[in-house]
Amino acid sequence: MIELEDVWKVFGTDERAVLNEARRPAPDEAVLKRLRAVTGVGGASFKVEKGELVCLMGLSGSGKSTLLRLINRLLEPSAGQVRIDGGDILSLGRKALRELRSQRIGMVFQSHALVAHLSIRDNVALPLEIRGLARTQREDRADELLARVGLEGLGDRRVSALSGGMQQRVGLARALAADPDILLMDEPFSALDPLIRYDLQTQFMALSRELGKTTVFVTHDVDEAFRIADRVVLMRGGRIIQVGTADTLVNEPADDYVRRFVRNARLPERLDQQPSKTRAFA
Ligand SMILES: Nc1ncnc2c1ncn2[C@@H]1O[C@H](COP(=O)(O)OP(=O)(O)OP(=O)(O)O)[C@@H](O)[C@H]1O
Ligand SMILES: [Mg+2]
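Conventions we followed
- Residues numbered from 1 in each chain as written.
- Chains lettered and ligands numbered in written order.
- Predicted model: local features only at pLDDT ≥ 70, side-chain atom pairs only at ≥ 80, totals over all residues.
- Helix = DSSP H or I, 4+ residues; strand = E, 2+ residues; numbered from the N terminus.
- Rg over C-alpha atoms; globule rule 2.2 N^0.38 Å.
- Buried ≥ 20, exposed ≤ 12 C-beta atoms within 10 Å, placed from the backbone.
- Contact = placed C-beta atoms within 7 Å.
- Pairing = 2+ DSSP bridges.
- Axes fitted to C-alpha atoms, helices over the stretch in contact; angles between N-to-C directions.
- Near = placed C-beta within 6 Å.
- Nonpolar A, V, L, I, M, F, W, Y, C, P; charged D, E, K, R; others polar.
- Expected span 1.5 Å × (residues − 1).
- pLDDT = per-residue confidence, 0-100.

Visitor: Before we go on, may I ask you to explain the overall build of the protein chain in this structure?
Guide: Within the protein chain one finds twelve helices and ten strands. Expected size for 282 residues packed as a compact globule is a radius of gyration near 19 Å; at 20 Å, the protein chain falls within 12% of this value. By principal-axis analysis of the C-alpha atoms, the protein chain measures approximately 60 × 45 × 35 Å. Taking all 282 residues of the protein chain together, 41% fall into the buried category. For the protein chain, restricting intrachain contacts to residue pairs at least 6 apart in sequence, the fraction spanning at least 24 positions comes to 70%.

Below is the structure:
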């Protein structure tokens, strides 16, 4: 469904020159320094299957957000291929790209960028208003989504009156509003305290599976990644170090870095072993 092939995103005073140097088998450090080179993402290749939930995991600065933004071309790759359902998104014109983003891809960020003076319902309905849906239709759809994320009956409230966890739920409902088949999520739960975060993870896993969304989810937290992901993409310094299930990363780490990274991780639990209270939610 999503396919990246040898994708690069480099930064510096001369992107092309940085790319050429960084791609050499033995890049010249002095040249890279002179170009103020940063390899945001270096030669990333991986696939996400339809309905799969993949986590991009790594320390701060490892390139997770950069990689996520290359998937919907919020960032223009320096090199490489990005395909969605086999279609090359780098060849899309402005209009086709806008359609792809508004109809097929929902995005959720750490800070959710809700519109403070609008009601919760209107925030969720915003993408539908942009698509020209009639008021009653979009309000019905927004209320349905609010119920899905556990905010039933709260549509009339202002978003400024909500807790962080509730605001993230609104952000999620908004990302789901246009019924995209792909969700891109950048540390959506990172700012929340552990209990609320755990609950939201549980609810999100159930929701994403029930709705069959294809999801790429960024996190720096190995417990979160192992808990929710079908597969994990571990990044370091812009490079993908290993792609695999939690089991694979723990039992067959590609190198010492992976071994150290996952050493203290909690083993993933299965959704169907969790209390029915949380499952009933979805
Ligand atoms: N516009 C830019 N110009 C220059 N360097 C950039 C730019 N955007 C990102 N970088 C660099 O690319 C690297 C990867 O950044 P990125 O934001 O993808 O990391 P991250 O894994 O998301 O980190 P975090 O967990 O802190 O969000 C970093 O070294 C960052 O400084
Ligand atoms: Mg980031």
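Next comes the rest of the write-up.
Visitor: Just to check I follow, could you spell out the sheet that holds strand β1 (residues 2-11) for this structure?
Guide: By definition, the strands of a sheet pair up through backbone hydrogen bonds, in either a parallel or an antiparallel sense. Read across the open sheet, the four strands follow the order β2-β1-β4-β5; overall the sheet is antiparallel. Edge positions in the sheet fall to β2 (38-48) and β5 (87-88), since each has one partner strand and no second. Sheet analysis places strand β4 (residues 79-84) next to β5, joined by two bridges and oriented antiparallel. The residue of β5 that forms the bridge with R83 is D88. Contacts from helix α1 (residues 15-22) reach β1, β2 and β4, with the element oriented near 115° to β1.

Visitor: Teacher, can you tell me more about the site of ligand 1 here?
Guide: Ligand 1 sits among F11, V38, G40, G58, S60, G61, S62, G63, K64, S65, T66 and H220. Examining the composition of the shell around ligand 1, we find that three residues originate from one element, helix α3 (residues 64-71), more than from any other. Broken down by class, the residue content of the shell around ligand 1 amounts to two nonpolar, nine polar and one charged.

Visitor: Honestly, helix α7 (residues 164-177) in this entry has me stumped. Any pointers?
Guide: Helical geometry note: an α-helix holds 3.6 residues per turn, so side chains three or four residues apart project in the same direction. A rise of 1.5 Å per residue sets the reference length of α7, with its 14 residues, at 20 Å; its end C-alpha atoms lie 20 Å apart and thus fit the reference within 8%. Of the positions making up α7, those classed as buried are Q167, Q168, R169, V170, G171, L172, A173, R174, A175, L176 and A177. The elements touched by buried residues of α7 are β6 (105-108), α5 (120-130), α6 (135-148), β7 (182-186) and α8 (194-211). Phi for D179, located one or two positions after α7, is positive at around 55°.

Visitor: I keep staring at unusual backbone geometry and nothing clicks. Help me out?
Guide: The bulk of non-glycine residues show a negative phi, and the bulk of peptide bonds are trans. At D6, a position not held by glycine, the phi torsion is positive, near 45°. By secondary structure assignment, the location of D6 is in strand β1. Classification of D6 by C-beta neighbours within 10 Å gives partly exposed; the count is 13. Here the phi dihedral of D85 falls at roughly 50°; this positive angle occurs in a residue that is not glycine. Structurally, D85 can be placed in the loop between β4 and β5.

Visitor: Help me understand the confidence of the model for the protein chain in this model?
Guide: Atom-level detail of predicted coordinates should not be read off regions where pLDDT is low. Mean pLDDT over the protein chain works out to 89, with 94% of the residues at or above the 70 mark. Under a pLDDT of 50 for its full length, residues 271-282 has, in the predicted model, 16 contacts with residues more than four places off or in other chains.

Visitor: Would you take a moment to explain the sheet that holds strand β8 (residues 214-219) for this structure?
Guide: As summarised here, the arrangement of the six strands in space is β6-β7-β8-β3-β9-β10, forming an open sheet in which the pairing is mixed. Edge positions in the open sheet fall to β6 and β10 (239-244), since each of these has one partner strand only. If you compare each strand with its neighbour and ignore which way they point, the axes differ by 15° on average. Across four bridges, β6 lies against β7 in parallel orientation. Residue pairing for β7: M107 is matched across the bridge by L184. Strands in contact with α7 are β6 and β7; relative to β6, the strand with the most contacts, it is inclined by about 170°.

Visitor: Any chance you could explain the environment of A26 here in plain terms?
Guide: Within the element layout of this structure, A26 appears in the loop between α1 and α2 (29-34). According to the C-beta neighbour criterion, A26 is exposed, with 5 such atoms within 10 Å. Between the alpha carbons of A26 and Q201 there is a distance of 42 Å; along the sequence they are 175 residues apart.

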